[in-house]
Amino acid sequence: MRAIVVGAGVAGLTAARDMHRAGLEVLVIEARDRIGGRTWTADVGGVPVDLGGSWIHGPFGNPLSAEVEAAGWDWKNDGSWGMGLSVFIEGQGWAPAHVASSLVATQADFDGDEATAALGDDASYSAAAEWYVEDRRLSGDARRVARFGIEWLEAGLNIGGLPEVASVSGCACYHLHPGGNAVISGGYIRLVDSLADGLEIQTGSPVLSVEHGAEVIVSTERGSHRADRVVVAVPLTIIQRGAILFDPPLPRYQLAASRLAMASLEKVVFRFDDHFWPDHGRRMTFVSDDRRFPTWIDMSHHTGAPTLVAFYNPKATPGLTDRPLDERARMALGVLKTMLPRCPDPVAVRCTDWLNDQLALGSYSYVPIGATPNDMRTLGTPASNALFFAGEHTVPESFGTVHGAYVSGRRAAAAVLA
Ligand SMILES: Cc1cc2nc3c(=O)[nH]c(=O)nc-3n(C[C@H](O)[C@H](O)[C@H](O)COP(=O)(O)OP(=O)(O)OC[C@H]3O[C@@H](n4cnc5c(N)ncnc54)[C@H](O)[C@@H]3O)c2cc1C
């Protein structure tokens, strides 16, 4: 039997690897000139840095952990996000420990199901943040940073949406594996390369259409390929825009896709000559009225060189999406110098731009108000005996993650083989 996989991200490569192992003849067709999709380990100032996904969120019970262990790769665990977190409030300076603790406590304590029970199914993260600080009777700076944490760190960065748009009940379907957050030494490229090992992959070939009748015909600008089965593993936004023409059309899938949303998380990577920051610079939150560059994480122990990464949602700060990347890098450095005035100039800087990447148009999917996790389930359902789907946006329990993509690929391959 011959199968085609469209998209060489973790979802597509996992599906292809499993089918290939089971003896199918498999061709992977990828639009980019590289494989890995939204995982992308790149060289920044001579060291490997993950510009897309970097952590295995919750390695205990995480399906990716078995891959890592079987391959024998080394990995380092950063623990939970709150560990060693320092908070800087613009205009005030470093917040006292009890204020930083209230942010950490909020991150551990805020529960989507509890907020939904209090506010109903249509609650946004903005409403939930307001409810939470009232319910927990927080005041002063503790109230301000707790609210900032729910709106701009949980909704704005972790979910990657705008707090007035992201649905608390919809996103509560995410299942958080325990065990902190781990990074594979050398980056996610090791997983990608291992999944791709031995596969036939055609890169630089955007798929234009998929005919799925008695036979599958997948067409690209370079020609058409015939097969018995096809797994389509492209991002949500590709389905939303109708960038691949399905024949017969898939109105149910189009409707489900149109209800869901794509997040926008970006990184600015700074590589320095010296590890100049003090211990409290390992994880910093910058609280400001315009929400620019709120999270900073020391990645030096992963890259092997002094490296700080700013995480931000460009849509959270008015006017930021219109600014060129070099200007954003300067703004981010300004934030860093505000927090750590002895900060020298970096030796290398790299900004991501997933939002304008035409093969991603954002970072990962989430459930906005008006959609439900069932929309993600619909997008993961086989359309026929010949057409199957994978991608992080098809797994409501782990949407927005590499392990979600991996699970979806395994599920699609199992369905094809069944
Ligand atoms: C900045 C950032 C940080 C992140 N951090 C983390 C993290 O720390 N941990 C975590 O678990 N997850 C993280 N994620 C999310 C994670 O990277 C993604 O959920 C996951 O990689 C998605 O995999 P996928 O295979 O579903 O999609 P993709 O990786 O996007 O793969 C889809 C592939 O389809 C290709 N394609 C698109 N259109 C076509 C076409 N017409 N024809 C052929 N090919 C096409 C694309 O080029 C792409 O290669 C992060 C993402 C970003 C952007």
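Peer 1: Describe the site of the ligand, and please don't skip the residues or the numbers.
Peer 2: The immediate surroundings of the ligand are formed by 43 residues, with Gly7, Gly9, Ala11, Gly37 and Gly53 found nearest. Of all elements in the fold, only α1 (10-21) and α14 (402-417) reach the threshold of two or more residues within the shell around the ligand. No other element matches α14, which puts four residues into the shell around the ligand. Counted by class, the shell around the ligand contains 22 nonpolar, 16 polar and five charged residues.

Peer 1: Can you lay out the environment of proline 306 for me, pointing to particular residues and giving the numbers?
Peer 2: One can find proline 306 in the loop between α11 (300-303) and β20 (307-312). Measuring from C-alpha to C-alpha, the distance between proline 306 and valine 47 comes to 9.8 Å, with 259 residues separating the pair along the chain. Apart from residues no more than four positions distant in its own chain, proline 306 is found in contact with Arg271, Phe272, Asp273, Asp274, His275 and Ser300.

Peer 1: Residue-level account of the sheet that holds strand β14 (residues 229-232), with values.
Peer 2: With parallel pairing, five strands are arranged side by side in an open sheet as β10-β2-β1-β14-β23. Bordering the open sheet on either side are β10 (200-202) and β23 (387-389), each of which pairs with just one other strand. Each adjacent strand pair in this sheet contributes to an overall mean axis angle of 20 degrees, direction not counted. Here three bridges tie strand β2 (residues 25-29) to β10, and the two strands are oriented parallel to one another.

Peer 1: A description of the pairing of strand β9 (residues 181-184) should follow, citing residues and the corresponding values.
Peer 2: Sheet analysis places strand β5 (residues 56-57) next to β9, joined by two bridges and oriented antiparallel. Within β9, the position partnered with histidine 57 by the bridge is asparagine 181. Bridge count between strand β6 (residues 75-77) and β9: three bridges; the pairing is antiparallel. Each residue of the ladder has a partner; that of tryptophan 75, found in β9, is isoleucine 184.

Peer 1: Break down the pairing of β2 for me, citing the residues and quoting the values.
Peer 2: Of the pairings in the sheet, the one linking strand β1 (residues 2-6) to β2 comprises five bridges and is parallel in character. Within β2, the residue paired with valine 6 across the bridge is isoleucine 29. The β-α-β motif built from β1, the intervening α1 and the parallel element β2 has right-handed crossover chirality.

Peer 1: Which residues make up unusual backbone geometry, and what are the values?
Peer 2: In this structure, proline 248 follows aspartate 247 across a cis peptide bond, with omega equal to 0 degrees. Its place among the elements puts proline 248 in the loop between β15 (245-247) and α10 (251-259). Of note, arginine 291 is a non-glycine position whose phi angle comes to about 60 degrees, a positive value. With respect to the element layout, arginine 291 can be found in the loop between β18 (283-287) and β19 (295-298). With phi around 45 degrees, phenylalanine 293 is a residue other than glycine that occupies positive phi space. Among the structural elements, phenylalanine 293 can be located in the loop between β18 and β19. Since 26 C-beta atoms lie within 10 Å of it, phenylalanine 293 is described here as buried.

Peer 1: Just give me the short version of α14, but keep the residues and values in it.
Peer 2: A rise of 1.5 Å per residue sets the reference length of α14, with its 16 residues, at 22 Å; its end C-alpha atoms lie 23 Å apart and thus fit the reference within 8%. With twelve of 16 residues buried, α14 lies mostly within the body of the structure. All of the buried residues in α14 are Val402, His403, Gly404, Ala405, Tyr406, Val407, Ser408, Gly409, Arg411, Ala412, Ala413 and Val416. On the buried face of α14, the contacting elements are β1, α1, β5, α2 (63-71), β14 and β23.

Peer 1: How would you explain the environment of threonine 321 if you had to name every residue and give the values?
Peer 2: With respect to the element layout, threonine 321 can be found in the loop between β20 and α12 (325-339). Owing to 16 C-beta atoms within 10 Å, threonine 321 belongs among the partly exposed residues under this scheme. Each C-alpha atom of the pair threonine 321 and leucine 355 lies 8.8 Å from the other, and the pair is 34 residues apart in sequence. If sequence neighbours within four positions are ignored, threonine 321 has contacts with Pro314, Lys315 and Leu355.

Thresholds applied
Residues numbered from 1 in each chain as written. Predicted model: local features only at pLDDT ≥ 70, side-chain atom pairs only at ≥ 80, totals over all residues. Near = placed C-beta within 6 Å. Helix = DSSP H or I, 4+ residues; strand = E, 2+ residues; numbered from the N terminus. Nonpolar A, V, L, I, M, F, W, Y, C, P; charged D, E, K, R; others polar. Contact = placed C-beta atoms within 7 Å. Pairing = 2+ DSSP bridges. Axes fitted to C-alpha atoms, helices over the stretch in contact; angles between N-to-C directions. Right-handed = clockwise from strand over helix to strand, strands pointing away. Buried ≥ 20, exposed ≤ 12 C-beta atoms within 10 Å, placed from the backbone. Expected span 1.5 Å × (residues − 1).

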